[in-house]
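The lines below spell out each chain.
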Amino acid sequence: MENGRAISFPRPDGQDVPGVLFTAADDAPGVVLIQEWWGINDQIRRVGQRLAAAGYRVVIPDLYRGRAATVADEAKHLMNGLDFGQALADIAGALAYLKGHDPSTRVGIVGFCLGGALTLAALCNVPGFTAGVCYYGIPGAGADPSRLLAPMQAHFAEFDDWCTPDLVRALEDKLRSGTTEYELYRYSAHHAFFNDTRPEVYDPVAAAESWRRSLDFFHRHLGGPQTAA
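The structure presented is a predicted model; accordingly, all values stated were derived computationally and were not measured.

How each quantity is defined
Residues numbered from 1 in each chain as written. Predicted model: local features only at pLDDT ≥ 70, side-chain atom pairs only at ≥ 80, totals over all residues. Heavy atoms only, no water. Salt bridge = Lys/Arg side-chain N within 4 Å of Asp/Glu carboxyl O. Helix = DSSP H or I, 4+ residues; strand = E, 2+ residues; numbered from the N terminus. Buried < 20%, exposed > 50% of the residue type's maximum accessible area, 1.4 Å probe, protein only. Expected span 1.5 Å × (residues − 1). Arc of directions from axis to C-beta. Contact = heavy atoms within 4.5 Å.

Here's the deal with the pattern of salt bridges
Two side chains carrying opposite charge are able to pair once their charged atoms lie near each other.
Line of reasoning, step 1. By the definition in use, this model includes 14 salt bridges.
Line of reasoning, step 2. Between Glu172 and Arg186 there is a salt bridge; the shortest N-O distance is 3.0 Å. Here the residue Glu172 occupies a position in helix α5 (residues 165–177), and Arg186 occupies one in strand β8 (residues 182–190), the gap between them amounting to 14 residues.
Line of reasoning, step 3. Judged by its relative accessible area of 13%, Glu172 is buried.
Line of reasoning, step 4. By relative accessible area, Arg186 is classed as partly exposed at 35%.
Line of reasoning, step 5. With a shortest N-O distance of 2.9 Å, Glu209 and Arg212 are connected by a salt bridge.

Here it is, written out as structure tokens:
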């Protein structure tokens, strides 16, 4: 399967954003995929391939502008240097790219870790998404989960020292106080349980179950073929 095609697209302020495109049918629903703190690496590209195989056009905006990390200290440095406001502008540009000239095109968003936090922030601040899936990420100030603009599904680990169980409970309290549909699942696993390149935390059972739920959620809200890709 293709490894993704390099593209660029404008964001609302006119700046160009680099990214990676995985194609399905031209009229397929779209998904914006947001990286972990590592950047766009082979693992996140494989997630893009799986989404494309499931019937979606996929764009990964390159939030780090070509940089990627292989060790945690470097990833932390890149993440801490990221301006969330600028990242949300990149995401808005990716959304507009996938909608093209048809505003009725359904577009979802999914992200992991840092990307999960940005997914939730986007669902609170960027109008136009049809649905979103957040994997173990909670944004700080500037995102009010009680005011989701689109339905969300979220996946968290019980043994997570970043998105701790207490923080997840507080998040769910805010989600519950809103009026937008949400689903929140907890797994007996560790942070980044979906990442199969990290054997110290990867949990194949939790990864498979959460992926099945994610594709089902996107199928219900975005349409497209239902598949276990």
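Here we look at α5
Line of reasoning, step 1. If you check α5, its first and last C-alpha atoms are 18 Å apart, about what 13 residues at 1.5 Å a residue would give, namely 18 Å.
Line of reasoning, step 2. Of the positions making up α5, those classed as buried are Val168, Leu171, Glu172 and Leu175. Down the axis, α5 shows its buried residues gathered within 100° of arc, on one side only. Exposed and facing more than 90 degrees away from the buried side of α5 are Asp166 and Ser177.
Line of reasoning, step 3. Here the buried face of α5 lies against α4 (114–125), β7 (152–159) and β8.

Honestly, that's just the spatial picture; any functional story needs more than this.
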